[in-house]
Amino acid sequence: MNTFLRVAVIYLVLMILFRVIGKRSLASITTFDFVVLLIISETTQQAMIGNDFSVTNALIAILTLLVLELLLSWLKAKSPLIDRWMDSVPVIIVQDGKTLDDRMGRARVDLDDVLMAARMSHGLERLDQIKFAVLERSGEISIIPKDDQK
Amino acid sequence: MALRPIQLVGSLQIDEHMGYQRLAWRLQRVGWAVMGLLLAAAIAGAFGSGPLGHASTGAETSALRVEYARFGRLQAPQELVLNVKPTPEQAKAGKVTLWVSRPYADQLQIETIVPTPDVSRGGPDRIEFDVSLTPDSAGRSIAVTLYVQHQYPGMHTTRAGVADGPTVEWWEFVYP
């Protein structure tokens, strides 16, 4: 019971916190972001298992996490609304070579990020070669080049 | 279950939903403010150590003054200081008897008491312990520190006192 409550509370709080800080914050994993994530997981672990280092306790914690994941994916499949609130939606940030500045500002994406994604995925050189750039639910930017660039 | 149809934006078939997205961005800003406030409260001591978290009962001059943490945390080490001013009789006898009320005392794990009591006694509503005094302690503030760990979360109202002397009362909130 105790372990279940601890894990469920941590799961819920982490979910809210990571939604609040936004998908861009930890999406472009730099080495430092990775270190921060490791520290967060280390800190969380203490709160989830407490002083009980038994195998049983670990199994209960893992079971709780997996069941919560299962439940959430089921809810997301059932309800588009929950799906949106949990995983957000993709946002078009460049259309026909023009940046949608308001959206980019709010999503904290700058032109550099878009151009980097264009170079890495399609070897594009300039903004005007991009037909669409989409900030995906994962926080990554996907690029669709203009037809004559394919 | 039928799959939802997904709209076209230009030539792009995408589940864009700007109404939701703008609301989410606004809520995100609110969330940042809440995170900032929580952190400020934590620094101020609303969740444990900090200026708001440290409290004491009574004035420096009172015969018994307790220093305690207003906001404790479950199973975190914490100090409870009983500052007692022994009367000349107590100093002459070389000992003073202090007590902490139950059930508070039972809900704590008392790690150590400094100075170590000579003897402790359990009563129905309190735990008593005798602390030896040096002869020059009359009228001077003697700190008896209890190093404790809370075992139960929630609000605790409790009392402590000196046998045949003053009693003080205070509350603590223990976060889970």
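In case you missed it, the structure is sitting above this.
Residues numbered from 1 in each chain as written. Chains lettered and ligands numbered in written order. Predicted model: local features only at pLDDT ≥ 70, side-chain atom pairs only at ≥ 80, totals over all residues.

Chemist: Just to check I follow, could you spell out the pairing of strand β7 (residues 95-101) of chain B for this structure?
Modeler: Within a regular beta strand, the side chains point alternately toward one face of the sheet and then the other, so they alternate between its two faces. Residues and elements named next belong to chain B. Across the seven residues of β7, five count as buried, placing the element largely inside the fold. Note: β7 against strand β10 (residues 126-132), seven bridges, orientation antiparallel. Bridging across to β10, Ser 101 finds its partner in Arg 126. By the bridge criterion, three bridges tie β7 to strand β12 (residues 154-162) in an arrangement that is antiparallel. (Buried ≥ 20, exposed ≤ 12 C-beta atoms within 10 Å, placed from the backbone. Helix = DSSP H or I, 4+ residues; strand = E, 2+ residues; numbered from the N terminus. Pairing = 2+ DSSP bridges.)

Chemist: Hey, could you run me through the interface of chain B and chain A in this one?
Modeler: The figure often quoted for interface size is the accessible area lost as the parts come together. The interface of chain B with chain A comprises 16 residues on the first partner and 14 residues on the second. With eight residues, helix α1 (residues 18-44) of chain B is the largest single contributor of residues to the side of chain B that touches chain A. Its residues assigned to classes, the side of chain B that touches chain A comprises eight nonpolar, five polar and three charged. (Contact = placed C-beta atoms within 7 Å. Nonpolar A, V, L, I, M, F, W, Y, C, P; charged D, E, K, R; others polar.)

Chemist: Where do I start with helix α6 (residues 111-122) of chain A in this structure?
Modeler: Quick reminder: α-helices carry 3.6 residues per turn. Residues three or four places apart thus point the same way. Residues and elements named next belong to chain A. Taking 1.5 Å per residue as the helical rise, α6 with its 12 residues ought to reach 16 Å, and the 16 Å between its terminal C-alpha atoms agrees with that figure. Those residues of α6 lying buried are Asp 113, Val 114, Ala 117 and Ala 118. All buried residues of α6 fall inside an arc of 135° around its axis, so they share one side. Facing away from the buried side of α6, by more than 90 degrees, are the exposed residues Asp 112, Arg 119 and Met 120. If you follow the buried residues of α6, they end up packed against β1 (91-95), β3 (130-135) and β4 (141-145). (Expected span 1.5 Å × (residues − 1). Arc of directions from axis to C-beta.)

Chemist: For this particular structure, what's the right way to read the sheet that holds strand β6 (residues 77-84) of chain B?
Modeler: Two modes of strand pairing occur in sheets, parallel and antiparallel, and in both the strands are linked by backbone hydrogen bonds. Residues and elements named next belong to chain B. Read across the sheet, five strands follow the order β3-β4-β6-β11-β8 without closing on themselves; strand pairing throughout is antiparallel. Of all the strands in the sheet, just β3 (54-56) and β8 (108-114) have a single pairing partner and so form its edges. The average undirected angle you get between the axes of adjacent strands in this sheet is 20°. (Axes fitted to C-alpha atoms, helices over the stretch in contact; angles between N-to-C directions.)

Chemist: Would you take a moment to explain the nonpolar core for this structure?
Modeler: Residues and elements named next belong to chain B. Core analysis: the largest hydrophobic core is formed by 20 residues, its most contacted members being Val 66, Leu 82, Val 84, Val 96, Leu 98 and Ala 160. For this core, the secondary-structure elements that each account for two or more residues are β4 (64-69), β6, β7, β11 (142-150) and β12. Setting aside its immediate chain neighbours within four residues, Ala 160 contacts Val 66, Leu 82, Leu 98, Trp 99, Val 100, Ser 101 and Val 168. (Core = buried A, V, L, I, M, F, W, Y, C linked by C-beta atoms within 7 Å.)

Chemist: I tried to follow the sheet that holds β4(A) on my own but got confused; where do I start?
Modeler: Residue and element names in this part refer to chain A. In space, the four strands of this open sheet follow the order β2-β1-β3-β4, with antiparallel pairing throughout. Looking at strand neighbours, the two that pair on one side only are β2 (98-99) and β4, the edges of this open sheet. Two strands pair when backbone bridges link them, and β3 and β4 are joined in this way by five bridges, in the antiparallel orientation. What sits directly across from Leu 135, in β4, is Ile 141. Sheet contacts for α6: β1, β2, β3 and β4; angle to β4, the most-contacted strand, approximately 65°.

Chemist: Looking at this structure, how should I read the packing of helix α1 (residues 2-21) of chain A against helix α2 (residues 31-49) of chain A?
Modeler: Working note: a packed helix pair is described by the angle between its axes plus the distance between those axes. Residue and element names in this part refer to chain A. Across the interface, α1 lies against α2 with an axial gap of 7 Å and an inter-helix angle of 145°. Where α1 approaches α2, its residues Arg 6, Val 7 and Ile 10 are matched on the opposing element by Thr 44, Ala 47 and Met 48. Here the residues of the contact of α1 with α2 are counted per class, giving four nonpolar, one polar and one charged.

Chemist: Honestly, unusual backbone geometry in this entry has me stumped. Any pointers?
Modeler: Both trends apply: most residues other than glycine have a negative phi, and most peptide bonds are in trans. Looking along the chain, the bond that leaves B:Arg102 and enters B:Pro103 is cis, with omega of 5°. At the junction of B:Val114 and B:Pro115, the peptide bond is cis and its omega measures out at -5° in the coordinates. Position of B:Pro115 relative to the elements: it lies in the loop between β8 and β9 (119-122). Unlike most non-glycine residues, A:Ser88 shows phi in positive territory, near 60°. Relative to the helices and strands, A:Ser88 is located in the loop between α4 (80-87) and β1. A positive phi angle, close to 60°, is found at B:Gln75, a residue other than glycine. Structurally, B:Gln75 is set in the loop between β5 (71-73) and β6. For B:Gln75, a count of 16 C-beta atoms within 10 Å translates into the label partly exposed.

Chemist: Whenever I open this one, the environment of A:Gln129 confuses me. Can you help?
Modeler: Looking at the secondary structure, you find A:Gln129 in the loop between α6 and β3. Residues A:Gln129 and A:Asp148 lie 19 residues apart in sequence; the distance between their C-alpha atoms is 8.5 Å.

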